[in-house]
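# Report on the structure
Read off the chains here:
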Amino acid sequence: MPRFTLSCLVLSLSLAFLPTGAASAQTFEEAAEAYQAGDYTTALAGLREIALGGNADAQLLLGTMLFNGEGVEADYIEGLRWFKSAADAGNPTAAFALASAYRTGAGTARNDAEARRYFERASSGGLIAAKFELANMLAAGQGGSANSDRAVELFQEAADADHPGALYSMGAIYAAGELKPRDMSRAATYFRKAAEKGQADAAYNLGLMMVEGTGVEKHPAGALEFFQFAAAEGLAEAQTALAFLYANGTGVEKSDEKAATWFNEAALRGDTLAQTRLARMYFLGKGVEKDLMASYTWLSIARAGGQDDPELAALLEPEMTPELLAQAEEALKDWEAATRPQ
């Protein structure tokens, strides 16, 4: 059930991460205030001289503006150069920005070894987000050898600081029972904390535990809220789980229409179980108008993804006329074109 989610952060720096240094503090403060006010011309005019003078905070902000193309044409190479200067001067936020660029290949060639090295620097500087990213890389053995013990330590440190992803990761660790002794009650506690901070995977996992009564008191009606949140966030598994609640009337008033709606949402996102269930609903005309062509199409899509429903196939295939099969083939071509990797 639980799984690790390795998140890749988009480079996005805010003034909340920009410490005010002692050297040229007032001048940098004026430039930072201009930046915050959206007066990029004034900010840039002051920043370049301060950055050349060695102020790491100014180097970081200048690099951010160049990288993001704020007040100037985007220049990834120059932006990264300033990030490196600030990082080498000991600025942990700059180290995090540089690591994120290497991790995602934003503005430079992807380099996991360099990403890990700079996340290490940022983590040593106390950045909680860096601890989380470094933990992910250590757990997966990216950019170097795996170190699960240290990964768990870093996940724990970040979770103690209420980092949503780390809270989810600790829940997954306790649920899996591989890196820590299995403790479903503790896993549920971490999932709840992460869910309350907007972590969709945690909300989904907690919802499953509440439906099954694993690690928490069985409470399907309570699971509804968590499934709804994760489903609204676009998590296909949660959309399928929510559809099953409505289809079975588990913890909620039974509604074939709502079940079909959520199965459809999950099916469009590639959930093969939802695709087979939606195919059944079209065949039976439950929650949707009976449509053999749509039923056959969704069953075919699910089969291509590795999920089958032999019982439905045995009932459906004799009903398919040459005309319906031709329509389904066209629908399948449209699906393949829409979902083909660019």
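Residues numbered from 1 in each chain as written. Predicted model: local features only at pLDDT ≥ 70, side-chain atom pairs only at ≥ 80, totals over all residues. Heavy atoms only, no water.

With their axes 9 Å apart at the nearest point, helix 16 (residues 292–304) and helix 18 (residues 322–339) run at an angle of 45° to one another. Taken together, the axes of helix 16 and helix 18 lie oblique to each other. Between helix 16 and helix 18 lies a crossing of right-handed hand. Packed against helix 16, whose contacting residues are Leu292, Met293, Tyr296, Thr297, Trp298, Ser300 and Ile301, the element helix 18 presents Leu324, Leu325, Gln327, Ala328, Ala331, Leu332 and Trp335 at the interface. The class makeup of the residues in the contact of helix 16 with helix 18 is 11 nonpolar, three polar and no charged. (Axes fitted to C-alpha atoms, helices over the stretch in contact; angles between N-to-C directions. Helix = DSSP H or I, 4+ residues; strand = E, 2+ residues; numbered from the N terminus. Parallel < 35°, antiparallel > 145°, perpendicular 65-115°, else oblique. Left-handed = near helix turned anticlockwise from the far one by under 90°. Contact = heavy atoms within 4.5 Å. Nonpolar A, V, L, I, M, F, W, Y, C, P; charged D, E, K, R; others polar.)

This part is about helix 3 (residues 56–68). Helix length check: helix 3 (13 residues) gives 18 Å between terminal C-alpha atoms against 18 Å at 1.5 Å per residue, within 8%. With respect to burial, helix 3 is a largely interior element, 12 of its 13 residues being buried. Burial in helix 3 covers these residues: Ala56, Asp57, Ala58, Gln59, Leu60, Leu61, Leu62, Gly63, Thr64, Met65, Leu66 and Phe67. Near the N-terminus of helix 3, the side chain that reaches the backbone nitrogen of Asp57, with its oxygen 2.9 Å away, is that of Asn55. Gly69 sits one or two residues past helix 3 and shows a positive phi near 70°. (Expected span 1.5 Å × (residues − 1). Buried < 20%, exposed > 50% of the residue type's maximum accessible area, 1.4 Å probe, protein only. Polar contact = N/O pair within 3.5 Å; in protein donor to acceptor, adjacent residues only side chain to side chain.)

Here we come to the nonpolar core. Ranked by size, the top nonpolar core spans 94 residues in total, and within it Phe119, Phe191, Tyr204, Phe227, Phe263 and Leu316 carry the most contacts. In terms of nonpolar packing, the next biggest core, distinct from the first, is built from 16 residues, Phe28, Tyr35, Leu44 and Leu66 among them. (Core = buried A, V, L, I, M, F, W, Y, C linked by side-chain atoms within 4.5 Å.)

This paragraph deals with the layout of surface pockets. Estimated volume of the largest pocket: approximately 190 Å³. Considering the residues around the largest pocket, the lining is formed by Phe244, Ala247, Asn248, Lys254, Asp256, Phe263, Arg277, Arg280, Met281, Leu284 and Lys286. Of all the elements in the fold, those that place two or more residues in the lining of the largest pocket are helix 13 (236–248), helix 14 (256–268) and helix 15 (272–284). Broken down by element, the lining of the largest pocket gets its largest block of residues, four residues, from helix 15. Looking at side-chain class alone, the lining of the largest pocket contains five nonpolar, one polar and five charged residues. (1 Å grid on protein atoms, 1.4 Å probe; cavity = no way out; pocket = protein on both sides within 12 Å on 5 of 7 lines; lining within 4 Å. Points joined across faces, edges and corners; volume = space filled by probe spheres on them.)

This part covers the environment of Asn264. Relative to the assigned elements, Asn264 resides in helix 14. Classification of Asn264 by relative accessible area gives partly exposed; the value is 23%. Those residues in contact with Asn264 that lie beyond four places of it in its chain are Leu278 and Trp298.

Take unusual backbone geometry next. Both trends apply: most residues other than glycine have a negative phi, and most peptide bonds are in trans. Positive phi values are uncommon outside glycine, yet Asp162 reaches one of about 65°. Relative to the assigned elements, Asp162 resides in the loop between helix 8 (148–160) and helix 9 (164–176). A relative accessible area of 40% means that Asp162 is categorised as partly exposed.

The subject of this paragraph is the confidence of the model for the protein chain. Of the residues in the protein chain, 92% reach a pLDDT of 70 or more, and the chain-wide mean stands at 92. Below a pLDDT of 50 lies the segment residues 1–12, which in the model reaches 44 contacts outside its immediate sequence neighbourhood of four places, other chains included. Segment residues 14–25: pLDDT under 50, and 15 contacts once partners within four positions in sequence are set aside and those in other chains are kept. (pLDDT = per-residue confidence, 0-100.)

Throughout the structure, instances matching the rule amount to 11 aromatic pairs. Residues Tyr168 and Phe191 carry aromatic rings whose centres are separated by 5.7 Å and whose planes lie at 35° to one another, so their mutual orientation is tilted. On the criterion of sequence distance, the pair formed by Tyr168 in helix 9 and Phe191 in helix 10 (residues 184–196) is long-range, its members being 23 residues apart. Comparing Tyr168 with Phe191 shows no difference in burial state: the two are buried. An aromatic cluster is defined as three or more aromatic residues linked by ring pairs; in this entry it consists of Phe67, Tyr76 and Phe83. The ring of Tyr190 has Lys193 sitting right over it, with the charged end atom 6.0 Å from the ring centre. Directly above the aromatic system of Phe283 lies the positively charged group of Lys290, at a separation of 4.5 Å from the ring centroid. (Phe/Tyr/Trp six-rings, centres within 6.5 Å; stacked < 30°, edge-to-face > 60°. Lys NZ or Arg CZ within 6 Å of the ring centre and 35° of its normal.)

Across all of its chains, the model carries 15 salt bridges by this definition. Where Arg81 meets Glu78, a salt bridge forms, and the shortest distance between an N and an O atom there is 2.7 Å. Remark: Glu78 and Arg81 occur in helix 4 (residues 76–88); sequence separation between them is three residues, near one turn of the helix. The exposure class assigned to Arg81 is partly exposed, which follows from its relative accessible area of 42%. Where Lys333 meets Glu330, a salt bridge forms, and the shortest distance between an N and an O atom there is 3.7 Å. Remark: Glu330 and Lys333 occur in helix 18; sequence separation between them is three residues, near one turn of the helix. For Lys333, a relative accessible area of 49% corresponds to the partly exposed category. For Glu330, a relative accessible area of 44% corresponds to the partly exposed category. Through salt bridges with shared partners, one network takes in Lys84, Asp88 and Arg121. (Salt bridge = Lys/Arg side-chain N within 4 Å of Asp/Glu carboxyl O.)

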